[in-house]
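As a plain string of letters, each chain reads:
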Amino acid sequence: MNLIIAKGLLIPFLGTALGSALVFFMKKELDVKIQKMLTGFAAGVMVAASVWSLLIPSMNSASDMGHLAFIPAVTGFCLGMLFLLLLDVVTPHMHLDETVEGPKSQLKKTTMMVLAVTLHNIPEGMAVGVLYAGWASGSADITEAGALALALGIAIQNFPEGAIISMPLRSKGLSRTKACWYGVLSGIVEPLAGLLTILLSTLIIPVLPYLLSFAAGAMIYVVIEELIPEMSEGEHSNWGTILFMIGFSLMMVLDVALG
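Residues numbered from 1 in each chain as written. Predicted model: local features only at pLDDT ≥ 70, side-chain atom pairs only at ≥ 80, totals over all residues. Heavy atoms only, no water.

> Help me out: how do you make sense of the overall build of the protein in this one?
Along its length, the protein carries 10 helices and 2 strands. Moving toward the C terminus, one meets the helices and strands of the protein in the order α-α-α-β-β-α-α-α-α-α-α-α. Its C-alpha atoms give the protein a radius of gyration of 18 Å, near enough to 18 Å, the size a compact globule of 259 residues would have. Judged by the C-alpha coordinates and their principal axes, the protein covers about 55 × 35 × 35 Å. Counting across all 259 residues of the protein, residues that qualify as buried make up 51%. Considering only residue pairs separated by 6 or more positions, the protein has 81% of its internal contacts joining residues 24 or more positions apart. Accessible surface, the protein as shown: approximately 11,800 Å² in total, 71% of it carbon and sulfur. Here the protein contributes 12 positive and 18 negative side-chain charges, whose respective centroids are spaced 17 Å apart. (Helix = DSSP H or I, 4+ residues; strand = E, 2+ residues; numbered from the N terminus. Rg over C-alpha atoms; globule rule 2.2 N^0.38 Å. Buried < 20%, exposed > 50% of the residue type's maximum accessible area, 1.4 Å probe, protein only. Contact = heavy atoms within 4.5 Å. Areas by Shrake-Rupley, 256 points an atom, 1.4 Å probe, with all protein chains shown as cover. Lys, Arg positive; Asp, Glu negative; His and termini not counted. Charge placed at Lys NZ, Arg CZ, Asp CG, Glu CD.)

> Please clarify how helix α7 (residues 189–199) should be interpreted in this entry.
Along an α-helix, residues three or four positions apart point the same way, because every turn accommodates 3.6 residues. Turning to α7, its buried residues are V189, E190, P191, A193, G194, T197 and I198. Residues of α7 that are buried make contact with α1 (2–20), α4 (109–136), α5 (144–171), α6 (176–187) and α8 (201–204).

> Please clarify how empty space enclosed by the protein should be interpreted in this entry.
Regions of empty space are outlined by a rolling probe, equal in size to a water molecule, passed over the atoms. Under the definition given, this model contains 2 cavities of 30 Å³ or more. Surrounding the second largest cavity, L84, D88, A116, L119, H120, Y221, V222 and E226 form its lining. When residues of the lining of the second largest cavity are traced back to their parent elements, those giving at least two are α3 (70–90), α4 and α9 (208–232). Here the lining of the second largest cavity is composed, by residue class, of 5 nonpolar, 1 polar and 2 charged. (1 Å grid on protein atoms, 1.4 Å probe; cavity = no way out; pocket = protein on both sides within 12 Å on 5 of 7 lines; lining within 4 Å. Points joined across faces, edges and corners; volume = space filled by probe spheres on them. Nonpolar A, V, L, I, M, F, W, Y, C, P; charged D, E, K, R; others polar.)

> Before we go on, may I ask you to explain the nonpolar core in this structure?
A general feature of soluble globular proteins is that nonpolar side chains tend to end up buried together. If you look at the biggest cluster of nonpolar residues, it comprises 42 residues, and the most contacted ones within it are L54, V128, L131, Y132, L150, L212 and L227. Within the residue set of this core, elements represented by two or more residues are α1, α2 (32–61), α4, α5, α9 and α10 (237–258). Excluding residues within four positions of it along the chain, L212 makes contact with L54, P57, S58, S61, V130, L131 and I142. Membership of the second largest hydrophobic core comes to 18 residues, among which are M113, A163, L169 and A179. (Core = buried A, V, L, I, M, F, W, Y, C linked by side-chain atoms within 4.5 Å.)

> Sorry, what's going on with α3 here?
Helix length check: α3, at 21 residues, gives a terminal C-alpha distance of 31 Å against a target of 30 Å (1.5 Å per residue), a fit within 8%. Every buried residue of α3 is listed here: P72, A73, G76, G80, L84, L87 and D88. Mapping the buried residues of α3 onto a view down its axis gives an arc of 135 degrees, with all of them on the same face. α3 presents L82 and V89 as exposed residues on the side facing more than 90 degrees away from its buried surface. Looking at the buried positions of α3, the neighbouring elements they touch are α2, β1 (93–94), β2 (100–101), α4 and α9. (Expected span 1.5 Å × (residues − 1). Arc of directions from axis to C-beta.)

Geometric values such as these leave the question of function open.
Written as structure tokens, this is what we have:
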């Protein structure tokens, strides 16, 4: 069981690492249209994962509450969004368009770009960790295949995210090795967040429905606050919308087929 969980936690990180490594094979920075397509795809995967892998299992886990089974889902969802809002406010970070958010800081632009992606990855790691903790506890509403489906879906959307962070860093003058390394570092928070979640599983299981929806709220916050604005501003926004559709559909198929 421990080996299965370890593999599940590392799969999303592997997606980020492989995407970051694209900097060794691409000579120029990512085209704006490609960036919007990749961002839209990632947003679609995250929305579908939030619904099918997290919110629906959250309500199923609270089915003994009858018509009030929505309470853990709604409560956790709102707390997850507020938690990411807090992180967004207290962490200095910079987006791809070089818009700086958070408190004033003397950090380098490259560091703040990595922090922005790291904020995205925290809820993804938590989501995978919560599902594996639920499966390991014997929850009837969470299967190994369902947890694996989420890990695979996040890994797929992490692949373009890795490139989205490493390529701009390369264009700002970093060596290919450093740009790749920064991309990899931005993703290492995922298995760490997942592992921490599992280590706290004895505390988690009694409130599993709340934590499933908490992870969903945190992921949806990232989609609304970061990904959708990046994919929809300026030209080529239609490509982002089309890839959102594809990413959403792929994650939905993965979850239903494997879960």
